[in-house]
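Below, each chain spelled out in residue letters.
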Amino acid sequence: MKKARIVGTGSYLPEKILTNFDLEKFLDTSDEWIVSRTGIRERRIAAADENTSDLATRAARQALDMAGISPGDLDMIIVGTITGDYPWPATSCLVQKNLGIPGCAAFDVSAACSGFVYALDMAARQIESGAIKTVLVIGAEILSRILDWEDRNTCILFGDGAGAAVLKAEDGPNGVLSSHLHADGSFWELLYQPGFGTRHTPSAEGMDQRLHLVRMQGNEVFKVAVRSLSDVALEALGANGMAVADIDHFIPHQANRRILEATARRLGLKDEQVVINVDRFGNTSGASIPIALDEANRAGKIKEGDVVLLDAFGGGFTWASSLLLW
Ligand code: COA
């Protein structure tokens, strides 16, 4: 069986930086509170003329460049996002148009912050089956457009960005070793965007009730996140006969520093195993894992033969892990 190997990564962060001190100017909050509760110092905000497909396309071009693969060689594009340009068509179709390669398959995955790891699994299984050879997987979000900037409980946490990976069919042991996807829809109401789907169709009244903006019960999310991230990490290790000590790079969804530290403690991970960039970008939902992966990869930290564990959790709830031999 062929392995699905990541042969290129890329990322794009919008230029505009919004610091905690900027937030202090219009919100009843403080840098001290945000840093102590979340570890976040600043986040990126997309420009008014940037859309999710633009961020995704920039990250994709970087990943394709690193891979040395021309867009025309792609068999499939999958974008993990909950903030696409439009409810439909899929943002992946817009990325395909931007890359100028009509014909290949393109679809989005809606699994909130787990979107990239879900998408990576779809890509890997298509490649392993022998159906296709080369897939572009992207996580891209513009959360800033669906945040309630008057709600200090939520808006301080999130940011915008995109990350991408190119997967290719290869012989040999390197690639995705296994991935493990889960969801529990009974938690749907703890983290969601009420409007405007079929349940709440667009209306002036709905806008007044701020139904189009993110709602979250932070405390409840916190507890389930730590438990789920730990369990699905151990599931991946167990499936491959590995132990926590075998992980060279643990790349969790960058929800916030306290969740990451609690998860790392529960797993018994050492600081040097854990990749953290939430201080600079906040929670970029489906984009957070591929951005962190690309940063570590471009910095030359990830070497051939390293064991990389991607670990995601998000609204739904959804959670997922993917174990890679680099
Ligand atoms: N600045 C200042 N005070 C704030 C604040 C802010 N930005 N946000 C909330 N507070 C206040 C609350 O109003 C509350 O005040 P009160 O006691 O007077 O009511 C107090 O701080 C404590 O609020 P609480 O919600 O208990 O804080 P917390 O320690 O649970 O931290 C989160 C809040 C959101 C940081 C934390 O629950 C969390 O990290 N949850 C997970 C969220 C997440 O990662 N979601 C995405 C998952 S993919």
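Just so it is clear, the model here is predicted, and its values are computed rather than measured. (Residues numbered from 1 in each chain as written. Predicted model: local features only at pLDDT ≥ 70, side-chain atom pairs only at ≥ 80, totals over all residues. Heavy atoms only, no water.)

### Regarding the pattern of salt bridges
For clarity, the threshold we go by: Just to be clear on terms, a salt bridge is a Lys or Arg side-chain nitrogen sitting within 4 Å of an Asp or Glu carboxyl oxygen. Each helix is a run of H or I in the DSSP string that is no shorter than four residues. Each strand is a run of E no shorter than two, and both are numbered from the N terminus. To sort residues, take the accessible area from a 1.4 Å probe on protein chains only and compare it with the maximum for the residue type: under 20% means buried, over 50% means exposed, and anything in between is partly exposed.
Inspection of the entire model under this criterion finds 12 salt bridges. Residue Arg 152 is joined to Asp 28 by a salt bridge in which the shortest nitrogen-to-oxygen separation is 3.5 Å. Here Arg 152, found in the loop between β6 (134-142) and β7 (160-170), pairs with Asp 28, found in the loop between α1 (20-24) and α2 (31-38); they are 124 residues apart in sequence, far enough to count as distant. Judged by relative accessible area, Arg 152 falls into the partly exposed class, the value being 44%. In this structure, the salt-bridge partner of Glu 150 is Arg 210, at a minimum N-O distance of 3.5 Å.

### What about the site of the ligand?
We apply this condition: Near is defined per residue: the residue qualifies when any heavy atom it owns lies within 4 Å of the molecule or strand. Counted as a polar contact is a pair of N or O atoms within 3.5 Å, where, for protein atoms, one must be capable of donating a hydrogen and the other of accepting one, and residues adjacent in sequence contribute only when both atoms are in side chains. Computed by Shrake-Rupley with a 1.4 Å probe, the accessible areas treat only the displayed protein chains as cover when residues are assessed.
Taken together, the neighbourhood of the ligand is formed by 21 residues, with Thr 29, Arg 37, Arg 152, Asn 219 and Asn 256 sitting nearest. Within the contact set of the ligand, a nitrogen atom lies 2.6 Å away from a side-chain nitrogen or oxygen of Thr 29. Burial of the ligand by the protein chains amounts to 75% of its free accessible area of 960 Å². Of all elements in the fold, only α2, α7 (218-239) and α8 (257-267) reach the threshold of two or more residues within the shell around the ligand. Considering every element that reaches the shell around the ligand, the biggest residue donor is α7, with four residues.

### Some words on the pairing of strand β5 (residues 105-109)
Selection criterion: At least two DSSP bridges between two strands are required for those strands to pair. Orient the strands so they point away from the viewer, and a crossover whose first-strand-to-second-strand path over the helix runs clockwise is right-handed.
Pairing analysis gives five bridges linking strand β4 (residues 76-80) to β5, with the strands arranged parallel. Bridge pairing links Ile 78 to Phe 107 in β5. With helix α4 (residues 91-99) bridging β4 and its parallel neighbour β5, the resulting β-α-β unit is right-handed.

### Some thoughts on the domain arrangement of the protein
Basically, it comes down to this: Each domain span listed reflects an automatic or database assignment of domains. Contacts are assigned to residue pairs that have any heavy atoms within 4.5 Å of one another. When two components associate, each loses some accessible surface as probed by a 1.4 Å sphere; the sum of these losses over both components is called the buried area.
Structurally, the protein comprises domain 1 (3-172) and domain 2 (177-325). Its C-alpha centre places domain 1 at a distance of 14 Å from the equivalent point of domain 2. Each side of the interface is counted separately: domain 1 has 49 residues, and domain 2 has 45 residues. Approximately 3,700 Å² of surface area, both sides summed, lies buried where domain 1 meets domain 2, with 60% of it carried by carbon and sulfur atoms. With a shortest N-O distance of 3.6 Å, Arg 5 and Glu 304 are connected by a salt bridge.

### Quick notes on the packing of α7 against α8
The condition is simple: The axes are straight lines fitted to the C-alpha atoms, using for helices just the contacting stretch, and the angles between their N-to-C directions are given from 0 to 180°. Our angle categories are set so that under 35 degrees counts as roughly parallel, over 145 as roughly antiparallel, 65 to 115 as roughly perpendicular, and the remainder as oblique. Here is the rule for handedness: rotate from the far helix to the near one, and if that takes an anticlockwise turn smaller than a right angle the crossing is left-handed, while a clockwise turn gives right-handed. Here the term charged refers only to Asp, Glu, Lys and Arg, the term nonpolar to Ala, Val, Leu, Ile, Met, Phe, Trp, Tyr, Cys and Pro, and the term polar to all other amino acids, Gly among them.
Viewed as axis vectors pointing N to C, α7 and α8 meet at an angle of 45 degrees, and their least axial separation amounts to 9 Å. Classified by the interaxial angle, the pair formed by α7 and α8 is oblique. Of the two possible hands of crossing, α7 and α8 adopt the one that is right-handed. Judged by residue contacts, Phe 222, Ala 225, Val 226, Arg 227, Leu 229, Ser 230, Asp 231, Ala 233 and Leu 234 of α7 engage Arg 258, Ile 259, Ala 262, Thr 263, Arg 266 and Leu 267 from α8. Split into classes, the residues belonging to the contact of α7 with α8 amount to nine nonpolar, two polar and four charged.

### Some points on helix α10 (residues 288-298)
Burial analysis of α10 places nine of its 11 residues in the buried class, the great majority of the element. Backbone geometry just after α10 places Gly 300 at a positive phi near 80 degrees.

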